[in-house]
Amino acid sequence: MRHSLFTLAALILALGLAGPVHAADKPAPASKDGKQSELPIPPERKVVTSHSVRIDGRAVAYKATAGTLLLKDDTGKPTVSMFYVAYTVDGGKSANRPVTFLFNGGPGSSSMWLHMGSVGPVRVANQGDQPIPPPPYTTVANQYSLLDKSDLVFIDAPGTGYSQLVGEAKGKDFYGLDQDADAFAKFITRYVGDNHRWNSPKFLFGESYGTTRSAMLAKTLQDEGMELNGIVLMSSILDFSVWANTGVDHGYIVNLPTEAAIAWYHDKVPNKPADLDSFIAAVRQFASHDYTLALARGDAITPAEADRIATQLSQYTGLSTTYIKQANLRIDPSRFRKELLRDQRRTVGRLDGRFEGIDPDAAGETPDGDAASDAATGAYLAAFNQYATSELKYTGDHAYLPNNYGVVNRDWDWKRRNQRFPQAPYVGGDLADTMRRNPHLKVFSANGYYDLATPFYATEFDLGHLSLDPAISRNIEYGFYPSGHMIYFDVDALKQVKADLARFYDEAAPRP
């Protein structure tokens, strides 16, 4: 799909895992006088269970609290019931122990993915780069959990999971950039106060749109007096403008290293180098220099220069020079996913380019779906529901919504407060301002090489253009892993992520 047809709404919808619209998300019915009836206001709930997990060979005892908190508006009226699962380590020192607030993105996704796949005490037994077979699914103790370094609080955004609007609340009150950040800030402030965690080192951990939320949320919390120790950005998107504006070539440039990595994985790179990291380093260099300069010439590029660039692009992506020149040297990610394995009648995934899909025919312009999304959605939802009822002893009053794109994403307000001109959102400025005001704040950026939803080179570019003082920019660290958008799908990558995060937490919240 060409950028001129690739709307911002379509991009955002693709950032999550597409899902159905559920009856529970429909607005409350109108009363007899034609006015909107109030939504039910359920009481707050809390179910506490005790567990243990072995991490690095050591048994870690912990409590799991599954429950809801009612948030209220400025007049004291309840507006949303937010569901969370908190894992806290036993030992009586919680007041000074780090606590991390985790969430996925979408917008319109629950926290199910991070909760059941990444650093929680249990995880779905993933199959790496292969689809998870049908049930029965396997949930295992997570020896790579972050629970040995921090307590963990997984939060479902309003309208997702078991979180739901209540009372007189409307979707417009929560389904938007600033509205969403405000809701999470209220939840975190309430949780910190209720659980006496004001003196605890505090971290945010967002994935995908969750990184967008983290940038705004960190600034919101700071404005309200709550300082953070660290932010984990997994599969980041901080700047949407390059995807939404016709004629902007930046998107093609930052996508190229990811496309090259995927071509390398599928053995489409001529004379394939043995080492992925060194190969990617060469592609980065080409993308930021020769490729950038060539696209900057626009229609004035000479035929000889176009031939040279097309030849090099072919060497990196495995696509033919003829195809690349027909595309004016601009390789759209969706077209790439269709073209790379066209001769095998296969497509590659967007969230994770290692996965292969099969379309009805091989002649189309773009893939019909995302093989990476199809590979795990059913397993994660089934595993969470089974785990919630059998281990957490929690049953919701409606079906758990792993995602709610048909309502939340469709109605999302992409305008920022005090935004002078309507444009695609950019939240790098929020993160930069927070880091300047809190020069001790550390940021860890985790990236999958095969992620075409939030390509790693785009993240490098965004975090490298925050106009930070060198002393502050050194607080940003990076991790790159041979995996996709959900880095934790690959167990070896998850193991490496845990090791990197353990070091990061020790740096951001050193023990006395």
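Higher on the page you've got the structure.
All figures in this text were calculated on a predicted structure; none of them were measured in a lab.

The rules behind these values
Residues numbered from 1 in each chain as written. Predicted model: local features only at pLDDT ≥ 70, side-chain atom pairs only at ≥ 80, totals over all residues. Heavy atoms only, no water. Helix = DSSP H or I, 4+ residues; strand = E, 2+ residues; numbered from the N terminus. Rg over C-alpha atoms; globule rule 2.2 N^0.38 Å. Buried < 20%, exposed > 50% of the residue type's maximum accessible area, 1.4 Å probe, protein only. Contact = heavy atoms within 4.5 Å. Areas by Shrake-Rupley, 256 points an atom, 1.4 Å probe, with all protein chains shown as cover. Lys, Arg positive; Asp, Glu negative; His and termini not counted. Charge placed at Lys NZ, Arg CZ, Asp CG, Glu CD. Axes fitted to C-alpha atoms, helices over the stretch in contact; angles between N-to-C directions. Parallel < 35°, antiparallel > 145°, perpendicular 65-115°, else oblique. Left-handed = near helix turned anticlockwise from the far one by under 90°. Nonpolar A, V, L, I, M, F, W, Y, C, P; charged D, E, K, R; others polar. Pairing = 2+ DSSP bridges. Core = buried A, V, L, I, M, F, W, Y, C linked by side-chain atoms within 4.5 Å. Expected span 1.5 Å × (residues − 1). Arc of directions from axis to C-beta. Salt bridge = Lys/Arg side-chain N within 4 Å of Asp/Glu carboxyl O.

Participant: I'd like a rundown of the overall build of the protein chain, residues and numbers included.
Facilitator: A count of helices and strands for the protein chain gives 17 helices and 14 strands. The C-alpha radius of gyration computed for the protein chain amounts to 23 Å, which stays within 12% of the reference 24 Å derived for 512 residues, consistent with globular compactness. C-alpha atoms of the protein chain, sized along the principal axes, occupy 70 × 60 × 50 Å. Looking at the protein chain as a whole, 59% of its 512 residues qualify as buried. Put simply, of all contacts in the protein chain between residues at least 6 apart along the chain, 73% involve residues at least 24 apart. When the accessible surface of the protein chain is totalled, it reaches about 20,700 Å², and 51% of it is carbon and sulfur. Distance from the positive charge centre (52 side chains) to the negative charge centre (59 side chains) of the protein chain: 4 Å.

Participant: Please provide a residue-by-residue account of the packing of helix H7 (residues 276–296) against helix H8 (residues 303–317), values included.
Facilitator: Between H7 and H8, the least distance of the axes is 11 Å, while the angle of their chain directions is 160°. With respect to H8, the element H7 is oriented roughly antiparallel. You can see that H7 and H8 cross each other, and the crossing is left-handed. Across the interface between the two elements, Phe-279, Ala-282, Val-283, Phe-286, Asp-290, Tyr-291 and Ala-294 of H7 pack against Glu-305, Arg-308, Ile-309, Gln-312, Leu-313 and Tyr-316 of H8. When grouped by side-chain class, the residues that make up the contact of H7 with H8 number nine nonpolar, one polar and three charged.

Participant: Which residues make up the pairing of strand E1 (residues 46–55), and what are the values?
Facilitator: Here E1 shows a buried face lined by Val-47, Thr-49, His-51, Val-53 and Ile-55 and an unburied face lined by Lys-46, Val-48, Ser-50, Ser-52 and Arg-54. As paired elements, E1 and strand E2 (residues 58–72) share 10 bridges and run antiparallel to each other. Opposite Lys-46, over in E2, you have Gly-67 as the bridge partner. Between E1 and E2, which pair antiparallel one after the other, the connecting turn spans two residues, and Asp-56 there sits at a positive phi close to 55°.

Participant: Hey, could you go over the nonpolar core for me, with residue numbers and the actual values?
Facilitator: Phe-187, Ile-188, Leu-204 and Leu-431 are the most contacted members of the largest nonpolar core, which has 97 residues in total. Apart from the residues within four sequence positions on either side, Ile-188 is in contact with Phe-101, Ile-155, Leu-204, Leu-217, Leu-221 and Met-226. Counting 61 residues, the second-largest nonpolar core is a separate cluster that includes Ala-64, Tyr-87, Leu-146 and Ala-371.

Participant: Describe helix H15 (residues 456–463), with residues and values.
Facilitator: Each α-helix winds once per 3.6 residues, and so residues spaced three or four apart point in a common direction. Burial analysis of H15 places six of its eight residues in the buried class, which makes it a mostly covered element. When we look at burial in H15, the residues that qualify are Phe-456, Tyr-457, Ala-458, Thr-459, Asp-462 and Leu-463. Elements that come into contact with the buried residues of H15 comprise strand E10 (230–236), helix H6 (250–265), H7, helix H14 (428–437), strand E13 (442–448) and strand E14 (476–481).

Participant: Describe the packing of H6 against H15, and please don't skip the residues or the numbers.
Facilitator: Where H6 meets H15, the closest approach of the two axes is 6 Å, and the angle between their N-to-C directions is 125°. As far as their axial angle goes, H15 and H6 are oblique. Each of His-250, Ile-253, Val-254, Pro-257 and Thr-258 in H6 lies in contact with H15, whose residues at this interface are Phe-456, Tyr-457, Ala-458 and Phe-461. Of the residues assigned to the contact of H6 with H15, the class counts are seven nonpolar, two polar and no charged.

Participant: Can you explain the side chain of Ser-235? Please cite residues and give values.
Facilitator: For Ser-235, the location among the structural elements is in strand E10. Once residues lying within four places of it in the same chain are set aside, the contact partners of Ser-235 are Glu-207, Ser-208, Thr-211, Ala-446, Asp-451, Thr-454, Gly-484, His-485 and Ile-487.

Participant: Report on unusual backbone geometry, specifying residues and quantitative values.
Facilitator: Residue Gly-106 is joined to Pro-107 through a cis peptide bond whose omega torsion reads -5°. For Pro-107, the location among the structural elements is in the loop between strand E4 (99–103) and helix H2 (112–117). At the junction of Pro-135 and Pro-136, the peptide bond is cis and its omega measures out at 10° in the coordinates. Its place among the elements puts Pro-136 in the loop between strand E5 (122–124) and strand E6 (139–141). Backbone geometry places Arg-345, a non-glycine residue, at a positive phi of 60°. Considering the arrangement of structural elements, one finds Arg-345 in the loop between helix H10 (333–339) and strand E11 (347–348). In this structure, Lys-393 is a non-glycine residue whose phi angle is positive, near 60°. Along the chain, the position of Lys-393 falls in the loop between helix H12 (377–390) and helix H13 (405–409).

Participant: Describe in detail the side chain of Asp-178, supporting the description with residues and values.
Facilitator: Mapping Asp-178 onto the fold places it in helix H3 (residues 177–194). In contact with Asp-178, not counting residues within four places along its chain, are Lys-415, Arg-416 and Arg-417.

Participant: For H8, give the residues involved together with the corresponding values.
Facilitator: Taking 1.5 Å of rise per residue, 15 residues should cover 21 Å, and H8 covers 20 Å from first to last C-alpha, within 8% of that figure. Within H8, burial applies to Glu-305, Ala-306, Ile-309, Ala-310, Leu-313, Ser-314, Tyr-316 and Thr-317. Relative to the axis of H8, the buried residues are bounded by an arc of 170° and lie together on one face. Buried residues along H8 sit in contact with H6, H7, helix H9 (321–326) and H10. Positive phi appears at Gly-318, one or two residues downstream of H8, with a value of about 80°.

Participant: With reference to specific residues and values, describe the pattern of salt bridges.
Facilitator: Applying the stated rule across the entire model yields 33 salt bridges. Here Asp-223 makes a salt bridge to Arg-437, at a shortest N to O gap of 2.8 Å. With Asp-223 in helix H4 (residues 209–223) and Arg-437 in helix H14, this pair connects stretches of sequence that are 214 residues apart. Between Arg-330 and Asp-249 there is a salt bridge; the shortest N-O distance is 2.8 Å. Taken together, the positions of Arg-330 in the loop between H9 and H10 and Asp-249 in the loop between helix H5 (241–244) and H6 put the pair 81 residues apart, joining distant regions of the chain. The residues Arg-330 and Asp-249 share a single accessibility class, namely buried. Residues joined by salt bridges that share partners form a network here, namely Lys-219, Asp-223, Asp-433 and Arg-437.

That's the geometry; what it means functionally is another story.
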